[in-house]
Amino acid sequence: MAGTRQILFIQGGGAGAHDEWDDKLCDSLRRELGDGYEVRYPRMPDEDDPSYARWSAAIRREMAALDGGAVVVGHSVGATILVHALGERPPEQEIRTIVLVAAPFVGAGGWPGDEFELPHDLGARLPRGVPVHVFHGLRDETAPPSHADLYVRAIPQAQLHLLPGRDHQLNNDLSEVAKTIGPGALRSATQE
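Overview of the structure.

## Let's talk about helix 3 (residues 77-88)
Here comes step 1: Between its first and last C-alpha atoms helix 3 spans 16 Å; for 12 residues at 1.5 Å apiece the expected length is 16 Å, and the two agree.
Here comes step 2: Counting buried positions along helix 3 yields 11 of 12 residues, so the element is predominantly enclosed.
Here comes step 3: Every buried residue of helix 3 is accounted for by Val-77, Gly-78, Ala-79, Thr-80, Ile-81, Leu-82, Val-83, His-84, Ala-85, Leu-86 and Gly-87.
Here comes step 4: Against the buried residues of helix 3 lie strand 1 (5-10), helix 2 (52-64), strand 3 (70-75), strand 4 (95-101), helix 4 (122-125) and helix 5 (146-154).

As structure tokens, this is what we get:
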């Protein structure tokens, strides 16, 4: 593998989320992926009051700065806004994989909310041929595990990864995510 693979990690919302919560997820991902990966972890604007307009604009700026073939990962409301933004307007650069971690589903059956409401045909709006992985802890008390099922209905091509005993922060362990997007995953995808 020539060069460094880029991962864009979008934080969740809430006061202190960037420095006190999701930094542990980002550190876990860096540790599990090891050398050869650059995990970008930008601070989202007004993290304690996530807005689709502000966050999607920031996410689009971050994606525009990526090399082609990067992986995008979002946690919690950051994942919800990330996938909504990707469905609304595909990025200019090619992305390799979309990963949603503990993402609340906003819309029918999930959380109410006009600003983040996801379209029923979300899967058809996402970039063609890009794998989508949905990771959700079965002990998530913030975004219930049923939200993961709603994502799989809205994105039929998504692969669901339910993790027993894991909370909204996946117990600060993204080892399964790293296995899905890391070097072993790349080799097996190119051998098929």
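## Some thoughts on the environment of Asp-35
Here comes step 1: The residue Asp-35 is located in the loop between helix 1 (17-33) and strand 2 (37-40) in this model.
Here comes step 2: Residue Asp-35 is classed as exposed on the basis of its relative accessible area, which comes to 77%.

## Considerations on unusual backbone geometry
Here comes step 1: We note that Leu-170 has phi near 50°; this positive angle belongs to a residue other than glycine.
Here comes step 2: Relative to the helices and strands, Leu-170 is located in the loop between strand 6 (159-163) and helix 6 (175-181).
Here comes step 3: The backbone phi angle of Asn-172 is positive, close to 55°, even though this residue is not glycine.
Here comes step 4: Mapped onto the elements of the fold, Asn-172 is located in the loop between strand 6 and helix 6.
Here comes step 5: On the accessibility criterion, Asn-172 (31% relative accessible area) is partly exposed.

Rules behind the numbers
Residues numbered from 1 in each chain as written. Predicted model: local features only at pLDDT ≥ 70, side-chain atom pairs only at ≥ 80, totals over all residues. Heavy atoms only, no water. Helix = DSSP H or I, 4+ residues; strand = E, 2+ residues; numbered from the N terminus. Expected span 1.5 Å × (residues − 1). Buried < 20%, exposed > 50% of the residue type's maximum accessible area, 1.4 Å probe, protein only. Contact = heavy atoms within 4.5 Å.

Distances and angles like these do not, on their own, reveal function.
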